[in-house]
Amino acid sequence: MGLVIAIDGPAASGKGTLAKRVAKAFGFAHLDTGALYRAVGISVLRAGGDPADAAAAARAARDLHPEDGILADPDLRTDEAAQAASKVAAVPEVRAALLDFQRRFAERPPGGAPGSVLDGRDIGTVVCPSADAKLFVTASVEVRAERRLKELRERGIPAIPSDVLEDMKARDARDSQRTVAPLRPAADAFVLDTSALSADQAFDAAIDHIGSKTGLGPRA
Ligand SMILES: Nc1ncnc2c1ncn2[C@@H]1O[C@H](COP(=O)(O)OP(=O)(O)O)[C@@H](O)[C@H]1O
Ligand SMILES: Nc1ccn([C@@H]2O[C@H](COP(=O)(O)OP(=O)(O)O)[C@@H](O)[C@H]2O)c(=O)n1
């Protein structure tokens, strides 16, 4: 088992950006676990189903083959996919079906990488509770909605500011209040509030923390 770095946090807090940079700095493999839930949500929608239908969601999760390229599907990035993801993510059978793939990724990172960085909601609490370093990245909901709006516009996806903010609040509530693997920092996580930090500042703080936990330094 290589080194494991867990990065959790609410929507658009910057955990994906951070996870990618941290993985690059250490030569580790990166898994965006949110993409797994988005892929399940999209599969249900494409089959004409309702993401809140537990049986349909569980079936889609069992049939998911993440190696087949679905994680790179641009449709995964839409707000519709995000909402569907947070509905299927509340179904215990869906979480159970996705657990093996995530743990295998951490245990044997692809490409023979010496470690992995997983980002999501429950990496430090459920998927990899013995991760070598845990970060919980957060920011105020207004800052996060602003970031997501900018990102959607840059991708050419039309978005209404008040809708993005409301959708984010709804997803925060669903993710924090579900009974299975709710969004919360692990007891031993380093909480990094990026509301007033640039991506570079957040990266520097993360590297300091990871270094203090693991002795790792970024590759030159
Ligand atoms: N510290 C930061 N300051 C400003 N913008 C950021 C910061 N971190 C990330 N972003 C931007 O915010 C958006 C959401 O970041 P992302 O990493 O996708 O968040 P998450 O994975 O938590 O949903 C992206 O467009 C990203 O470039
Ligand atoms: N480890 C994870 C990752 C995502 N999710 C769910 O999947 C949804 C989409 O996650 P994401 O990380 O792609 O979303 P963003 O933070 O990028 O907006 C979240 O709202 C959660 O409901 C989860 O439950 N557990």
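The following refers to the structure shown.

The rules behind the values
Residues numbered from 1 in each chain as written. Chains lettered and ligands numbered in written order. Predicted model: local features only at pLDDT ≥ 70, side-chain atom pairs only at ≥ 80, totals over all residues. Heavy atoms only, no water. 1 Å grid on protein atoms, 1.4 Å probe; cavity = no way out; pocket = protein on both sides within 12 Å on 5 of 7 lines; lining within 4 Å. Points joined across faces, edges and corners; volume = space filled by probe spheres on them. Helix = DSSP H or I, 4+ residues; strand = E, 2+ residues; numbered from the N terminus. Nonpolar A, V, L, I, M, F, W, Y, C, P; charged D, E, K, R; others polar. Near = heavy atom within 4 Å. Areas by Shrake-Rupley, 256 points an atom, 1.4 Å probe, with all protein chains shown as cover. Sits in = over half its atoms within 2 Å of the grid points. Phe/Tyr/Trp six-rings, centres within 6.5 Å; stacked < 30°, edge-to-face > 60°. Polar contact = N/O pair within 3.5 Å; in protein donor to acceptor, adjacent residues only side chain to side chain. Expected span 1.5 Å × (residues − 1). Buried < 20%, exposed > 50% of the residue type's maximum accessible area, 1.4 Å probe, protein only. Arc of directions from axis to C-beta. Contact = heavy atoms within 4.5 Å.

Topic: the layout of surface pockets
Quantified by volume, the largest pocket comes out at close to 950 Å³. Surrounding the largest pocket, 42 residues form its lining, Ala12, Lys15, Gly16, Thr17 and Arg148 being those nearest its centre. Looking at the lining of the largest pocket, the elements with two or more residues in it are helix H1 (15-26), strand S2 (29-32), helix H2 (33-46), helix H4 (79-88), strand S3 (115-120), helix H7 (141-154), helix H8 (161-177) and helix H9 (199-214). Take the lining of the largest pocket: its biggest share by element is six residues, from H1. When the residues that make up the lining of the largest pocket are grouped by side-chain class, the tally is 13 nonpolar, eleven polar and 18 charged.

Some remarks on the site of ligand 2
Neighbouring residues of ligand 2: 19 residues in total, closest Lys15, Arg38, Arg95, Arg148 and Asp175. Computed on the free molecule, ligand 2 has an accessible area of 530 Å², of which 97% lies beneath the protein chains in the complex. Structurally, ligand 2 is housed in the largest pocket. If you list the elements that add at least two residues to the shell around ligand 2, you get H2, H4 and H8. Tallying contributions element by element places H2 first for the shell around ligand 2, with four residues.

Topic: the packing of aromatic side chains
Per the stated rule, a full pass over the model turns up one aromatic pair. On the numbers, 5.6 Å between centres and 45 degrees between planes, the contact of phenylalanine 26 with phenylalanine 28 is tilted.

Regarding the site of ligand 1
Residues in contact with ligand 1 amount to 13 residues; listed here are only the nearest, Ala12, Lys15, Gly16, Thr17 and Arg148. Contact distances for ligand 1 include 2.8 Å between an oxygen atom and a backbone N or O atom of glycine 16. Backbone polar atom of leucine 197 to a nitrogen atom of ligand 1: 2.9 Å apart, as the coordinates give it. Here ligand 1, which alone exposes 560 Å², has 74% of that area covered by the protein. Counting atoms within 2 Å of the grid points, the majority share of ligand 1 lands in the largest pocket. Mapped onto the shell around ligand 1, the elements with two or more residues apiece are H1 and H7. Class assignment for the residues of the shell around ligand 1 results in four nonpolar, five polar and four charged.

A closer look at H8
Counted at 1.5 Å a residue, the expected span for H8 with its 17 residues is 24 Å, and the 24 Å between its end C-alpha atoms agrees. Taken residue by residue, H8 has Val164, Met168, Arg171, Asp172 and Asp175 as its buried positions. Relative to the axis of H8, the buried residues are bounded by an arc of 105 degrees and lie together on one face. Buried residues in H8 make contact with H2, H4 and H7.

Purely geometric stuff here, so don't read any function into it on its own.
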